[in-house]
Amino acid sequence: MALYREGRSLQKLPPPQRNCDRALELFEKSVTIEPRFLEAWSAGDIWTERTFYWRGLSRKMAIANARMKIDHALALDPAHAVAVNNRALLAM
């Protein structure tokens, strides 16, 4: 849980200090320790956000990563609001 909280705090910083790559690393460590930690899986919202800004192959990679994280979160809880929202954003 501490890794997840640290990752979220890095993600919520203003853009100059924001470190989404490090946040993703911390979320990955969280789910390695606790594979059913839904909030860490739903942190795919970083990847979903990147699908709107990245282009070319980077965008395709972001979409694939977002889908994987969202699918895993929805497998744990089909009604999880963040995952459902991210799935809808990806469908746009």
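Above this text you will find the structure in question.
Attention in this report is confined to the structure presented alongside it. The shown structure was predicted, so the numbers you read here are calculated from the model rather than taken from an experiment.

## Thoughts on the nonpolar core
One recurring pattern in soluble globular proteins: nonpolar side chains tend to sit buried together.
Turning to step 1, where the next piece is worked out: Core analysis: the biggest nonpolar cluster contains 22 residues, and F27 and I46 have the highest contact counts within it.
Turning to step 2, where the next piece is worked out: Only α1 (2-11), α2 (20-33), α3 (38-41), α4 (45-53), α5 (56-76) and α6 (81-91) provide two or more residues apiece to this core.
Turning to step 3, where the next piece is worked out: Apart from the residues within four sequence positions on either side, I46 is in contact with Q11, C20, A23, L24 and F27.

## Overview of the pattern of salt bridges
Turning to step 1, where the next piece is worked out: Tallying each qualifying case throughout the model produces 6 salt bridges.
Turning to step 2, where the next piece is worked out: E25 is paired through a salt bridge with R22; the nearest N and O atoms lie 3.1 Å apart. Of this pair, E25 and R22 both sit in helix α2, 3 residues apart, which is roughly one turn of the helix.
Turning to step 3, where the next piece is worked out: By relative accessible area, which is 28% here, R22 ends up partly exposed.

## Description of the packing of α4 against α6
Turning to step 1, where the next piece is worked out: Where α4 contacts α6, the two axes come as close as 10 Å, and the packing angle between them is 20 degrees. By the angle between their directions, the pair α4 and α6 is classed as roughly parallel. The interaxial crossing formed by α4 with α6 has left-handed handedness. In this structure, α4 uses D45, T48, T51 and F52 to contact α6, whose residues at the interface are N86, L89 and L90.
Turning to step 2, where the next piece is worked out: Its residues assigned to classes, the contact of α4 with α6 comprises 3 nonpolar, 3 polar and 1 charged.

## Things to note about the packing of α1 against α2
Turning to step 1, where the next piece is worked out: Between α1 and α2, whose axes approach to 8 Å, the crossing angle comes to 160 degrees. With respect to their mutual orientation, α1 and α2 come out roughly antiparallel. Of the two possible hands of crossing, α1 and α2 adopt the one that is left-handed. Every residue of α2 that contacts α1 at L3, Y4, E6, G7, R8, L10 and Q11 is listed here: C20, R22, A23, L26, F27, K29, S30 and I33.
Turning to step 2, where the next piece is worked out: Per-class residue counts for the contact of α1 with α2 are 8 nonpolar, 3 polar and 4 charged.

Definitions and cut-offs
- Residues numbered from 1 in each chain as written.
- Predicted model: local features only at pLDDT ≥ 70, side-chain atom pairs only at ≥ 80, totals over all residues.
- Heavy atoms only, no water.
- Core = buried A, V, L, I, M, F, W, Y, C linked by side-chain atoms within 4.5 Å.
- Buried < 20%, exposed > 50% of the residue type's maximum accessible area, 1.4 Å probe, protein only.
- Helix = DSSP H or I, 4+ residues; strand = E, 2+ residues; numbered from the N terminus.
- Contact = heavy atoms within 4.5 Å.
- Salt bridge = Lys/Arg side-chain N within 4 Å of Asp/Glu carboxyl O.
- Axes fitted to C-alpha atoms, helices over the stretch in contact; angles between N-to-C directions.
- Parallel < 35°, antiparallel > 145°, perpendicular 65-115°, else oblique.
- Left-handed = near helix turned anticlockwise from the far one by under 90°.
- Nonpolar A, V, L, I, M, F, W, Y, C, P; charged D, E, K, R; others polar.

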